[in-house]
Amino acid sequence: MNNIFVVKTVPEEFTKKPLYQDKHVWDLFWQLKRYYKKPFNFYLLTNDTAAIHQEIKIIDVSKYKLDGWWNKMLLFHPEIDKEGTNLYFDLDVTFHREITELDKFVYPGMITSVYCYWKPIDWLDLSKQPKEIQEDPDMRFPSFYNTSVMGWQGGTLTNIWNDFKEDQDYIMTLYRGNDDYLGHVHLNKLKALPRNIAYSQYYGAEVGSEFFPRDKEIKKREDYYIRLLNGPGKN
């Protein structure tokens with residue numbers, strides 16, 4: 001049976017507002033029931049939840065004390081990672097169509113994730129980006145990959161967790177998030193989902209080129225399978 005993971009944690013500091021709530025867990029769980037046709041185990045990595053259901057398997061991650069999206073790194077922890085085909089989704093993604101066939105893009109030793117086709121082709125060269133991006137300290141390590149969706153074969157990527165835990169405090173200070181970290185330190189383990197599967201609600205689907213028409217509007221694209229809510233709406 002395949003495994004699907006989600007992460008929902010609350011900050012230890014009460015002054016910080018949680019990004020997700022239990023209602024987001026329920027919403028994604030029932031979306032998956034509708035759009036993923038194979039039997040699956042559903043795992044919730046959390047430090048605080050009241051989402052109780054016989055099909056929701058809770059994994060308490062309180063002891064790791066990771067902040068926000070850095071908890072995604074625990075997916076490759078040998079005690080959390082599961083044998084077989086594993087999928088991960090951010091809690092704010094929306095499915096427009098059946099996603100069962102995502103399995104065929106998952107390979108041993110690789111993380112299949114979203115490639116940001118909506119970003120400029122020179123995105124990795126900060127000198128060619130607008131001044132506000134060049135001067136943004138969070139943009140020191142730009143990446144084309146987005147881990148709102150991930151797929152991997154269990155037991156083949158635990159070295160990613162081992163590398164991270166060796167110096168996790170420094171890593172979490174140096175990099176804005178796990179997208180940037182994986183995109184620079186483990187780029188050789190990242191594999192892109194094909195075009196026309198995922199798009200960004202705010203940034204569109206295609207930056208445009210001689211081969212692919214520009215598509216940067218803020219709109220719903222029902223011919224795609226997955227919508228990402230990355231960008232200003234996430235906060």
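Residues numbered from 1 in each chain as written. Predicted model: local features only at pLDDT ≥ 70, side-chain atom pairs only at ≥ 80, totals over all residues. Heavy atoms only, no water.

Novice: Whenever I open this one, the packing of aromatic side chains confuses me. Can you help?
Specialist: The description of two aromatic rings rests on the distance between their centres and on the angle between their planes. Counted under the stated rule, the structure contains 20 aromatic pairs. Summarising the aromatic geometry, the rings of Y64 and W161 are spaced 6.1 Å apart at their centres and angled 80 degrees between planes, so their arrangement reads as edge-to-face. Here the residue Y64 occupies a position in the loop between β3 (56-60) and β4 (85-89), and W161 occupies one in helix α3 (residues 158-166), the gap between them amounting to 97 residues. In this structure, Y64 and W161 share a single accessibility class: buried. Taken together, the aromatic side chains of Y64, W70, F141, W161, F164, Y175 and Y181 make up a single cluster linked through ring pairs. Note that K191 overlies the ring of Y107, its terminal NZ or CZ placed 5.2 Å from the centroid. Between the NZ or CZ atom of R195 and the centre of the ring of F212, over which it lies, the distance is 3.6 Å. (Phe/Tyr/Trp six-rings, centres within 6.5 Å; stacked < 30°, edge-to-face > 60°. Helix = DSSP H or I, 4+ residues; strand = E, 2+ residues; numbered from the N terminus. Buried < 20%, exposed > 50% of the residue type's maximum accessible area, 1.4 Å probe, protein only. Lys NZ or Arg CZ within 6 Å of the ring centre and 35° of its normal.)

Novice: What is the right way to read the sheet that holds strand β1 (residues 2-8) from this model?
Specialist: In a beta sheet, neighbouring strands are held together by backbone hydrogen bonds and run either parallel or antiparallel to one another. The seven strands are arranged β3-β2-β1-β4-β7-β6-β8 in an open sheet whose pairing can be described as mixed. The strands lining the two open edges of the sheet, one partner per strand, are β3 and β8 (190-192). On average, adjacent strands in this sheet sit at an angle of 30 degrees to one another, irrespective of strand direction. Direction of pairing for strand β6 (residues 111-115) relative to β8: parallel, over a ladder of three bridges. Following the sheet pairing, T112 is matched in β8 by K191. On top of the sheet, helix α5 (residues 178-185) reaches β6, β7 (145-153) and β8; it is set at about 65 degrees to β7, its chief contact. (Pairing = 2+ DSSP bridges. Axes fitted to C-alpha atoms, helices over the stretch in contact; angles between N-to-C directions. Contact = heavy atoms within 4.5 Å.)

Everything listed is a geometric property; what it means functionally is a separate question.
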